[in-house]
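# Structure assessment
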Amino acid sequence: MEYENVKKRKVRNRQQTTKANLLSLRYLTICLCCFFVLLFFFLSSDRISVRSDSLRPSLRVPALSVLSSMDSIQRSFHGRFPPLSVEDRVQFPDHVLLILSTRIGKELVCVYHGGRKEETLVLPSISTDEFDEFRSIVRCPNAPLNYSSSVDLQFKGDLVKKKKKKSFEKVHDWAKVGYEAVIDGGDTVVVFVKGLTRRPHKESDPSYYKCKFETRVEVFVTQAIAAAQEVVRCVLPESLKVNPEEFRVSVIHVDPRGRSTPALPSVARVYGSEKKKEKKVEKKHELCVCTMLWNQAPFLREWIMYHSWLGVERWFIYDNNSDDDIKEEIEWLNSENYNVSRHVWPWIKTQEAGFSHCAVRAKEECNWVGFFDVDEFYYFPTHRSQGLPSKNALSSLVSNYTSWGLVGEIRTECHSYGPSGLTSVPSQGVTVGYTCRQANPERHKSIIRPEMLTSSLLNEVHHFQMREGVGHMSLVESVAVVNHYKYQVWETFKAKFQRRVATYVVDWQENQNQGSKDRAPGLGTEAIEPVDWNRRFCEVWDTGLKDLVLSNFADQVTGHLPWQRQQQQLQQE
């Protein structure tokens, strides 16, 4: 009996011990849950993040802090930004371009490695932008002395990570690199490349070039079928026609003896989705316009509103590293039902290549494409003098030649306007403000049929080369003219000294080719305003376009024009 009682007490004690252990485990679990909940809220707060305003223009750090890993934990909790992955780096004369494999909307900083003590240096980025539907780009300042040009990136506010030794990635030289590519017609690819033998305004022998296509698993090489300046057109490999997928494409140069040199480095990629998107448009726009610009946001609204009134239906804006409000301006125009697309084009001094690229893009959407700048405006003197309506005059003009199989280009002469006595930017826009011009026309602008261009896409900015048997039509001055507001007030004009966008045009700071028509007569290599600047280039007072604009666009009560933003803002307030 006593044995039974002892046995029962042992069982009872074991049960109590087990119960106590379970309670302890439960309490421990609850405590751990509370701890992680508190940690989550703590990390979600701003206490642990590095304040962005505390980040100085330059910061040197000896090693990676433990807090950087906690910052990574915080970002993973939030799930807001994808990891940074630099796909390519290109060294330009005044900056380094970094191409990321993801779209990043967060402000980034540039991280440099090296120095005498293997330090790490942080500098603000010059700009961050979307590149295409998959990638983004960041422009960083050139690496300081003794630092590697293999720049890294990180989110602003993160603590700096020290780079591992022997992990520096290759940086491509802008003078020798393939930089863009686009599929044309479904069976060829057009590659844009620096570093080939530059023959301005002439076609090259395509037998000297091949294209190398690299997918994730295969490599193909095909022969070039056309080449000119910075453009090489190659046959698309059959497997990529049938099964479109992402590929990188580079150009191989073949010498006259048939020996191939290694393919030039390339950052040019084509995504499978681009091939899939190629399809016939049911009805093309009759007239589109393509331009390349840098910091022209204040003038874009007047240019697009006016030419849309003349009949332009579609706009391709190639943005060449603008740092003004161009994105917001284009968003506003689209909100007002203007069909404008912005194409990021970070490649300096490549206007001819950019226009060739645009001609390929626009071919499926447009019957005609005009190539002219934001300071150039079409005007029809005969319509004005005879009282004919000017609305849709430009689209009506090109429509008359659409059925002509032998006309692929319409050329219009330009009149260059001067400051017209002004010393500040005209509030009503260039068409109303500048009314005094030079007497003789200078150069011409073109509207082309992209399907009639040569396969090399050869152009000289102002006009393209047509296929054999296709010609151009030159309009007489009384029918149409382009008002080129070339020499504006000095505040606007001096920006031309920054850089020129055309490949074969010398920058004005260089003491070369000073007799070029691209330069302003009488100016040197420095942006110094002449005393009589506001009275120069004035030989004929011509108010034809000004009168047309005021009679068709001005508000009858206030007299304001629709592109006058200051007046619009005051009215809204």
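Chains are numbered independently. Their residues run from 1 in the order of the written sequence. Predicted model: local features are reported for residues with pLDDT of at least 70 only, side-chain atom pairs are reported and counted for 80 or more only, and whole-chain, interface and lining totals are derived from all residues. Based on all heavy atoms of the structure, the side-chain values leave hydrogens and waters out of the count.

## Digging into the pattern of salt bridges
It is possible for side chains bearing opposite charge to pair when their charged atoms get close. Take a side-chain nitrogen of Lys or Arg and a carboxyl oxygen of Asp or Glu: if they are within 4 Å of each other, that pair is a salt bridge. Scanning the entire structure with this criterion turns up 27 salt bridges. The salt bridge involving Asp152 is made with Arg89; its shortest N-O contact spans 2.9 Å. Separated by 63 residues along the polypeptide, Asp152 in strand β8 (residues 152-155) and Arg89 in strand β2 (residues 86-91) bring together distant segments of the chain. When accessible area is computed with a 1.4 Å probe and restricted to protein chains, residues below 20% of their type maximum are described as buried, those above 50% as exposed, and intermediate ones as partly exposed. Note on Arg89: relative accessible area 3%, which makes it buried. The shortest N-O distance in the salt bridge between Lys445 and Glu376 comes to 3.1 Å. Note that Lys445 is positioned in strand β24 (residues 444-448) and Glu376 in strand β21 (residues 376-379), a separation of 69 residues in sequence. Of the residues examined, Glu376 reaches a relative accessible area of 1% and is grouped as buried. Among the charged side chains, a salt-bridge network with shared partners connects Glu87, Asp132, Arg135, Arg216, Glu246 and Arg269. Numbering goes from the N terminus for both helices and strands, where a helix is a DSSP run of H or I of at least four residues and a strand is a run of E of at least two.

## Looking at the sheet that holds strand β7 (residues 136-140)
Taking strand neighbours across the sheet as the criterion, the five strands line up as β6-β7-β3-β2-β9 in an open arrangement whose pairing is mixed. Only two strands of the sheet have a single partner each, and these edge strands are β6 (127-130) and β9 (172-173). One ladder, built from two bridges, connects β2 with β9; its direction is parallel. For Gln91, the partnering residue across the bridge sits in β9 and is Asp173. Only strands joined by at least two bridges in the DSSP assignment are considered to pair.

## A short note on the nonpolar core
Core analysis: the largest hydrophobic core is formed by 51 residues, its most contacted members being Leu300, Trp303, Tyr306 and Leu394. Take this core: its biggest share by element is eight residues, from helix α5 (residues 297-309). What makes two residues a contact is simply this: any of their non-hydrogen atoms within 4.5 Å. In this view, Leu394 contacts Leu287, His307, Leu310, Val312, Tyr378, Phe380 and Ile447; residues no more than four positions away in its chain are not counted. Grouped together as the second largest cluster of nonpolar side chains are 40 residues, Phe92, Met292, Trp347 and Val470 included. As used here, the term nonpolar core means buried Ala, Val, Leu, Ile, Met, Phe, Trp, Tyr and Cys residues forming a set that is joined through side-chain atoms within 4.5 Å.

## A few points about the state of the cysteines
The criterion for a disulfide is a pair of cysteine sulfur atoms lying within 2.5 Å. Applying the stated criterion across every chain, the model contains four disulfides. Between the sulfur atoms of Cys211 and its disulfide partner Cys234 the distance amounts to 2.1 Å. Handedness here is read from the sign of the S-S torsion; for Cys211 and Cys234, about 75°, the answer is right-handed. With a gap of 23 residues between them, Cys211 in strand β12 (residues 209-214) and Cys234 in strand β14 (residues 231-235) connect regions that are remote in the sequence. On the basis of relative accessibility, which here comes to 0%, the residue Cys211 falls in the buried class. Exposure remark for Cys234: the relative accessible area of 0% places this residue in the buried category.

## Some details on the environment of Glu365
Counting through the fold element by element, Glu365 comes out in the loop between α7 (351-363) and β20 (366-371). Taking relative accessible area as the criterion, Glu365 reaches 22% and is therefore assigned partly exposed. As a C-alpha pair, Glu365 and Glu286 span 79 residues in sequence and 8.7 Å in three-dimensional space.

## Some remarks on the side chain of Arg269
Positionally, Arg269 belongs in strand β16 (residues 269-270). Two N or O atoms count as a polar contact when they lie within 3.5 Å, although within protein this holds only if one can serve as hydrogen donor and the other as acceptor, and sequence-adjacent residues are included solely when both atoms are side-chain atoms. A polar side-chain atom of Arg269 sits 2.8 Å from a polar atom in the side chain of Glu246. The residues contacting Arg269, other than those within four sequence positions of it, are Glu87, Asp88, Arg135, Ala181, Glu246, Phe247 and Arg248.

## With respect to the packing of aromatic side chains
Pairs were defined over the aromatic rings of Phe, Tyr and Trp, the Trp ring being its six-membered one, requiring ring centres within 6.5 Å. Orientation was assigned from the angle between planes: stacked under 30 degrees, edge-to-face over 60, tilted for the rest. The final tally for this structure, using the stated rule, is 33 aromatic pairs. In textbook terms, an aromatic cluster arises when at least three aromatic residues are bridged by ring pairs, as seen for Phe92, Phe131, Trp174, Tyr179, Phe192, Tyr318, Trp345 and Trp347. Between Arg301 and the ring centre of Trp332, over which it is positioned, the NZ or CZ distance is 3.7 Å. Whether a charge sits over a ring comes down to the Lys NZ or Arg CZ being within 6 Å of the ring centre and within 35 degrees of the ring normal. The ring of Phe316 carries Arg314 above its face, with NZ or CZ at 4.1 Å from the centroid.

## Here's the deal with the sheet that holds strand β13 (residues 219-228)
Adjacent strands of a sheet form backbone hydrogen bonds with each other and so pair up, either parallel or antiparallel. Taken together, seven strands build an open sheet; the order of strands is β10-β11-β14-β13-β12-β15-β16 and the sheet is antiparallel. The sheet is open, and its two edges are formed by β10 (177-184) and β16, each paired on a single side. Across six bridges, the pairing between β12 and strand β15 (residues 247-253) is antiparallel. Residue pairing across strands places Glu214 opposite Arg248, the latter belonging to β15. Angles here are taken between N-to-C directions and fall from 0 to 180 degrees, while the axes themselves are lines fitted to C-alpha atoms, restricted in helices to the stretch in contact. Across the sheet, α7 is in contact with β10, β11 (188-194) and β14; its angle to β10 comes to roughly 20°.

## Side note on the pairing of strand β17 (residues 285-293)
Burial analysis of β17 places eight of its nine residues in the buried class, which makes it a mostly covered element. Pairing between β17 and β20: five bridges, direction parallel. The residue of β20 that forms the bridge with His285 is Cys366. Of the strand pairs in this sheet, β17 and strand β18 (residues 314-319) are connected by six bridges, and their pairing is parallel. By the bridge assignment, Val289 is partnered in β18 with Trp315.

## Looking at the side chain of Glu180
For Glu180, the location among the structural elements is in strand β10. Just so you know, the count uses Lys and Arg for positive and Asp and Glu for negative, and it drops His and the chain ends. Buried within the structure, Glu180 lacks any salt-bridge partner; Arg135 is the closest side chain of opposite charge, at an N-O distance of 5.7 Å. Looking at Glu180, its side chain comes within polar contact range of the side chain of Trp347, at 3.1 Å.

## A closer look at the confidence of the model for the protein chain
For every residue, the predictor reports its confidence as pLDDT, a number between 0 and 100. Residue-level pLDDT values for the protein chain average 82, and 75% of them are 70 or greater. Under a pLDDT of 50 for its full length, residues 1-11 has, in the predicted model, zero contacts with residues more than four places off or in other chains. Scored below 50 in pLDDT, residues 39-80 makes 51 contacts in the model with residues more than four places away or belonging to other chains.

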